[in-house]
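Chain and residue survey
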Amino acid sequence: MGLIESIKEKAKLKLRTIVLPEPEDERVLKAAQQVLEEKTAKIVLIGNVETIKADAAKCGANIEGATIIDPKQFDNIDKYIDELVELRKAKNLSKEEATEIMTTEPRFFGCMMVRLGDADGLVAGSNSPTADVLKAAIQVIKTAPGINTVSSTFIMETADGKFGDNGLILFADCAVIPEPNAEQLADIACATAATAASVVGLEPRVAMLSFSTKGSAKHPLVDKVQYACEILEERNVSFSFDGELQADAAIVEAIGAKKAPGSKVAGHANILVFPDLQSGNIGYKLVQRFAGAEAHGPIVQGLNQPVNDLSRGCSVEDIANLVAITATQIK
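Here goes a summary of the coordinates provided. The shown structure was predicted, so the numbers you read here are calculated from the model rather than taken from an experiment.

**Quick word on the environment of Glu 294**
Structurally, the position occupied by Glu 294 is in strand S10 (residues 294-301). For Glu 294, a relative accessible area of 47% gives the class partly exposed. In this structure, Glu 294 is in contact with Ile 155, Met 156 and Glu 157, ignoring residues within four places of it in sequence.

This is the structure:
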């Protein structure tokens, strides 16, 4: 059974409620049909009921079984508005401004559904920039306790099974934070460990990557990774980690044993935390192309409740898969 099939089986057991706030995109409507048929989640669509039904009929999507909510006709809209005013009181958001946002910004409305327990997670981005999706998520849902950083991970699925756990290895952060500081790197490590455990079912072994292994080079960039490891030690995290490690020392057993003898992670890492976005983004794309690996993601992490962002070039299958992944992120 492949990774996505395994995730979908887990999602079926959980049967969470996932919001899709962009039903004006026919790919979203077709993905809703697929999710409902596969029974990997319950679906909520945001918008005008008649418009959504007409659009679904036009593109041939059967969305029977989905819940459709029009914020302008929503019985509990005052509760949502008041909650947003409270959340943004430091910014002096007025009730009138909050009303406008809640009734015209479906990503904000959907995130509020998740915050207030009327849904379990949200998937958006097929029809909007990443910045818009993350803005709603950060302002409404906030970050998880003890985490101040929203980041992302890709689950890399390699065919030969040599590295990670039977070919599964997580790369972070490859999509969100360009130049993370040491504290943010520690947050990324913690969030990715949680994703590995909840979504993939792995016991996390985190390698904090650098161009140096255990002091083999001296540079401020190396210092940053070393400091991130110190922060993880201070936090007394429950997962195994080590650093700073070069990539080969992290994933090749013989090299790990030589460069970092005695390490529980070196040579056996199933999570690679890259020192910056450039190296992470380049790294996952090289592995994807050179090794023919499947890159599942980016999966947004570090939020108090799950919200995931789609590429605007996504397929129907991509949306349905990300719904299942989002469902498995929920504790």
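**Details of a nonpolar patch on the surface**
A cluster of nonpolar side chains, contributed by Ile 282, Leu 286 and Phe 290, occupies part of the molecular surface with about 360 Å² of accessible area. Mapping Phe 290 onto the fold places it in helix H12 (residues 277-290). A relative accessible area of 74% means that Phe 290 is categorised as exposed.

**Things to note about the sheet that holds strand S4 (residues 121-124)**
Read from one edge to the other, the open sheet built from five strands follows the order S3-S2-S1-S4-S11, with strand pairing classed as parallel. Looking at strand neighbours, the two that pair on one side only are strand S3 (67-69) and strand S11 (307-309), the edges of this open sheet. Pairs of neighbouring strands in the sheet enclose a mean axial angle of 25°, with direction left out of account. Across two bridges, the pairing between strand S1 (residues 17-20) and S4 is parallel. Counted as the bridge partner of Ile 18 is Gly 121 from S4. The sheet strands contacting helix H2 (residues 26-38) are S1 and strand S2 (42-46), and the helix crosses S2 at an angle near 160°.

**Structural notes on the packing of H2 against helix H13 (residues 316-329)**
Contact geometry for H2 and H13: axes closest at 8 Å, N-to-C directions at 50°. Compared by their axis directions, H2 and H13 come out oblique. The crossing of H2 and H13 is right-handed. Across the interface between the two elements, Arg 27, Val 28, Lys 30, Ala 31, Gln 34 and Val 35 from H2 touch Val 316, Glu 317, Ile 319, Ala 320 and Val 323 from H13. For the contact of H2 with H13, the residue count by class is seven nonpolar, one polar and three charged.

**Some remarks on H13**
An ideal rise of 1.5 Å per residue puts 20 Å on 14 residues; H13 measures up with 20 Å between its terminal C-alpha atoms. The element H13 is largely enclosed, with a buried count of eleven among its 14 residues. Every buried residue of H13 is accounted for by Ile 319, Ala 320, Asn 321, Leu 322, Val 323, Ala 324, Ile 325, Thr 326, Ala 327, Thr 328 and Gln 329.

**Remarks on the pairing of strand S5 (residues 151-157)**
A large share of S5 lies buried, amounting to six of its seven residues. Note that S5 and S10 share six bridges and pair antiparallel. The residue of S10 that forms the bridge with Ser 151 is Gln 301.

**Observations concerning the sheet that holds S10**
With respect to topology, six strands assemble into an open sheet ordered S8-S7-S9-S6-S5-S10, the strand pairing being mixed. Two strands bound the open sheet, and with one partner strand each, they are strand S8 (240-245) and S10. On average, each strand axis in the sheet is tilted by 20° relative to the strand beside it, whichever way the strands run. Inspection of the sheet shows strand S7 (residues 205-209) paired to S8 by five bridges, in the parallel sense. Across the sheet, the residue bridging to Ala 207 is Asp 242, located in S8.

**Comments concerning the packing of aromatic side chains**
Each aromatic ring pair is characterised by the separation of its centres together with the angle its planes make. With the rule as written, the count across this model stands at six aromatic pairs. Taken together, a centroid distance of 3.9 Å and an interplanar angle of 20° make the contact between Phe 154 and Tyr 284 stacked. Note that Phe 154 is positioned in strand S5 and Tyr 284 in helix H12, a separation of 130 residues in sequence. Judged by relative accessible area, which is 9%, Tyr 284 ranks as buried. An aromatic cluster is defined as three or more aromatic residues linked by ring pairs; in this entry it consists of Phe 74, Tyr 80 and Phe 109.

**Quick notes on the nonpolar core**
By size, the foremost hydrophobic cluster in this structure holds 63 residues, and its most contacted members are Leu 45, Ile 63, Val 206, Met 208, Leu 232 and Phe 239. Looking at this core, the element that brings in the most residues is helix H8 (residues 182-200), giving ten residues. In terms of nonpolar packing, the next biggest core, distinct from the first, is built from 32 residues, Leu 93, Val 140, Val 300 and Val 307 among them.

Definitions and cut-offs
- Residues numbered from 1 in each chain as written.
- Predicted model: local features only at pLDDT ≥ 70, side-chain atom pairs only at ≥ 80, totals over all residues.
- Heavy atoms only, no water.
- Helix = DSSP H or I, 4+ residues; strand = E, 2+ residues; numbered from the N terminus.
- Buried < 20%, exposed > 50% of the residue type's maximum accessible area, 1.4 Å probe, protein only.
- Contact = heavy atoms within 4.5 Å.
- Patch = residues over 30% accessible without salt bridge, like charges linked within 9 Å, V, L, I, M, F, W, Y side chains within 5 Å.
- Areas by Shrake-Rupley, 256 points an atom, 1.4 Å probe, with all protein chains shown as cover.
- Salt bridge = Lys/Arg side-chain N within 4 Å of Asp/Glu carboxyl O.
- Pairing = 2+ DSSP bridges.
- Axes fitted to C-alpha atoms, helices over the stretch in contact; angles between N-to-C directions.
- Parallel < 35°, antiparallel > 145°, perpendicular 65-115°, else oblique.
- Left-handed = near helix turned anticlockwise from the far one by under 90°.
- Nonpolar A, V, L, I, M, F, W, Y, C, P; charged D, E, K, R; others polar.
- Expected span 1.5 Å × (residues − 1).
- Phe/Tyr/Trp six-rings, centres within 6.5 Å; stacked < 30°, edge-to-face > 60°.
- Core = buried A, V, L, I, M, F, W, Y, C linked by side-chain atoms within 4.5 Å.

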